[in-house]
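Descriptive analysis of the structure
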Amino acid sequence: MKPLAGSVNRVTQIKIVLFSISLLPGLKMAGLLYQEIAAVNPLAELMGTSGSWTLIFLLLTLLVSPLRFWVCWICLFFHVSYGKRLSDWNWLIKCRRMLGLFCFFYACVHLFFYLWLEMGFLIDEVLLDFNDRLFLPVGFAAFILLLPLAITSLEWFRIRLGKNWRRLHRSTYLVAILAMIHFVMLTKVGNNRPLYYGLILGVLLGHRLLMFLRPGSLHPKNYAMEHTR
Ligand code: HEM
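Bear in mind that the values here come from a model prediction, so they are computed numbers and not experimental data. Each chain carries its own residue numbering, running from 1 in the direction its sequence is written. Where totals are concerned, whole chains, interfaces and linings use all residues; where local detail is concerned, this predicted model gives features only for residues with pLDDT of at least 70, and gives and counts side-chain atom pairs only at 80 or more. Hydrogens and water are ignored here; the side-chain numbers use all heavy atoms of the structure.

**What about the site of the ligand?**
With respect to spatial proximity, 23 residues lie near the ligand, and among them Ser52, His110, His182, Leu186 and Arg193 are the closest. Any N or O atom pair separated by 3.5 Å or less is treated as a polar contact, with the protein-specific requirement of one donor-capable and one acceptor-capable atom, and with residues adjacent in sequence counted only for side-chain atom pairs. A distance of 3.2 Å separates an oxygen atom of the ligand from a polar side-chain atom of serine 52. A distance of 2.7 Å is found between an oxygen atom of the ligand and a side-chain nitrogen or oxygen belonging to arginine 193. Sorting the residues of the shell around the ligand by element identifies α2 (43-77), α3 (90-118), α5 (135-151) and α8 (171-186) as the ones contributing at least two each. Under the scheme applied here, ten amino acids are nonpolar (Ala, Val, Leu, Ile, Met, Phe, Trp, Tyr, Cys and Pro), four are charged (Asp, Glu, Lys and Arg), and all others, including Gly, are polar. Within the shell around the ligand, the residues separate by chemical class into 13 nonpolar, seven polar and three charged. For each residue, the test is whether any non-hydrogen atom lies within 4 Å of the molecule or strand; if one does, the residue is near. Each helix is a run of DSSP H or I of at least 4 residues and each strand a run of E of at least 2, with the numbering of both proceeding from the N terminus.

In C-alpha cells:
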C-alpha cells in the first residue's frame, strides 16, 4: 500500500475533511446564538458547548502524538502491511496544528460569549464575578497560556525558536490541567463528565510521563525487536 506519509494530496484531503468537521460545533453555536438574539436565551448551552469543545480540541491535540505510537503498535501486533514504522504515521502530526488552532478558536468564542452575553462587556462586573466564582480566574489562566501557543504555532516561530519551541509548547500540559480544574470547580456534585475527561487526560499525560521516565521503552522499534528475537 502507498504510504500516506508520501502522499501530499491525501494528507491535504484529510486536513480538509478534519477542518470541515471541526467547524460543525461552531455552526451549532451560531444556531444557538441566533436563538439567544431571538430571546430564547440558551446562554447556559452556549457557554457549555463552547467550553466543552475547547476542552475536546485540547485533548485531541494532546492525543496526536501518543496515537502515532498506539496505531503503530496495533499494526505491528496484527502484522498489517502498512504502518509498522512510526514514520508511517507522521502525517498525523501535520493535523496537530489545525486541532490546536481550533482549540484556541473555541476558547476565544467561549471567552467572548462570557464577556458579551453574561457580562455585557462591563469590566467592573467581570472583576466582581472573578472574585465570586473562582473557576473563572482558573479558566482565564488557561486561556492566557494558550495565547503564546497559538501565536507561535506559525512555521516562522517554529524555525526561529528551535528547541525552545518544544519547551514552550509543553505548557499545553499545564493548560489542560488548569482547564480540568476549571471544569471540576464549576461542575455540580453527581455529574461525572469531568471524571471521564480527566481519565482521558490522565492516559495522555501518563503516556508522556512514561516516555520521559523510560525513554525509548514505548518505541515500536523495541517492540518489533523483542517479537522477532
Ligand atoms: C482553555 C480555556 C477554557 C476551557 C478548556 C474551558 C472549559 C469549560 C468547560 C468544559 C465548561 C463546562 C461545559 C459544560 O458544562 O458542559 C466551561 C464552562 C464555563 N466556562 Fe470555561 N473554559 C475555559 C476558559 C474560560 C474562561 C477564560 C472563562 C471566562 C473568563 C470561562 C467561563 C466559563 C463559564 C462562565 C462557564 C459556565 C459555568 C456554568 O455552567 O455556570 N471559561 N468551561
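**Structural notes on unusual backbone geometry**
At histidine 79, a residue that is not glycine, the phi angle is positive and equals roughly 55°. As for its position among the elements, histidine 79 is in the loop between α2 and α3. We call a residue buried when its accessible area falls under 20% of the maximum for its residue type, exposed when it is over 50%, and partly exposed in between, using a 1.4 Å probe and counting protein chains only. The class for histidine 79 is exposed, based on a relative accessible area of 65%.

**Comments concerning α3**
For a helix, the expected span equals 1.5 Å multiplied by the residue count minus one. Look at α3: 42 Å from first C-alpha to last across 29 residues, which is about the 42 Å you get at 1.5 Å a residue. Along α3, the sharpest change in direction is near 25° and occurs at arginine 96. Phi turns positive one or two residues past the end of α3, at glycine 120, with a value near 55°. The seven residues ending at a residue and the seven starting there each receive a fitted axis; the angle between those axes is the bend at that residue.

**Regarding the pattern of salt bridges**
Salt bridge, as applied in this entry: a Lys or Arg side-chain nitrogen positioned within 4 Å of an Asp or Glu carboxyl oxygen. This model, assessed by the stated rule, comprises five salt bridges. Between aspartate 88 and arginine 85 there is a salt bridge, with its nearest N and O atoms 3.0 Å apart. With relative accessibility at 5%, the residue aspartate 88 sits in the buried group. Between arginine 133 and glutamate 118 there is a salt bridge, with the nearest N and O atoms lying 3.0 Å from each other. With arginine 133 in the loop between α4 (123-132) and α5 and glutamate 118 in helix α3, this pair connects stretches of sequence that are 15 residues apart. A relative accessible area of 31% places glutamate 118 in the partly exposed class. Residues participating in the shared-partner salt-bridge network are Glu118, Asp129 and Arg133.

**Considering α4**
All of the buried residues along α4 are Val126, Asp129 and Phe130. Buried residues of α4 fall within an arc of 105° about the axis and therefore sit on the same side. Turned more than 90 degrees off the buried face of α4, the exposed positions are Asp124, Leu127, Leu128, Asn131 and Asp132. In this description, contact between two residues means that some pair of their heavy atoms is separated by no more than 4.5 Å. Structurally, α4 contributes buried residues whose contacts are with α3 and α5. By construction, the arc corresponds to the directions joining the helix axis to the C-beta atoms.

**Quick look at the environment of lysine 94**
For lysine 94, the location among the structural elements is in helix α3. By relative accessible area, lysine 94 is classed as partly exposed at 45%. Separated by 82 residues in sequence, lysine 94 and threonine 12 place their C-alpha atoms 9.5 Å apart.

**A look at the packing of aromatic side chains**
Think of it this way: a Phe, Tyr or Trp ring, Trp meaning its six-membered ring, pairs with another when their centres are within 6.5 Å, and the plane angle makes it stacked under 30 degrees, edge-to-face over 60, tilted otherwise. Tallied over the full model, the rule gives 18 aromatic pairs. Seen from their ring centres, phenylalanine 104 and phenylalanine 143 are 6.0 Å apart, and the 15° between their planes marks the pair as stacked. With phenylalanine 104 in helix α3 and phenylalanine 143 in helix α5, the pair connects residues that are 39 residues apart, well separated along the chain. The exposure classification of phenylalanine 104 matches that of phenylalanine 143, with both residues buried. Each member of the aromatic cluster is reached from another via a ring pair, and the members are Phe19, Trp53, Phe57, Phe102, Phe105 and Tyr106. Positioned above the aromatic ring of tryptophan 165 is the side chain of arginine 158, whose terminal nitrogen or guanidinium carbon lies 4.0 Å from the ring centre. Two thresholds decide whether a charge sits over a ring: the Lys NZ or Arg CZ must be within 6 Å of the ring centre and within 35 degrees of the ring normal.

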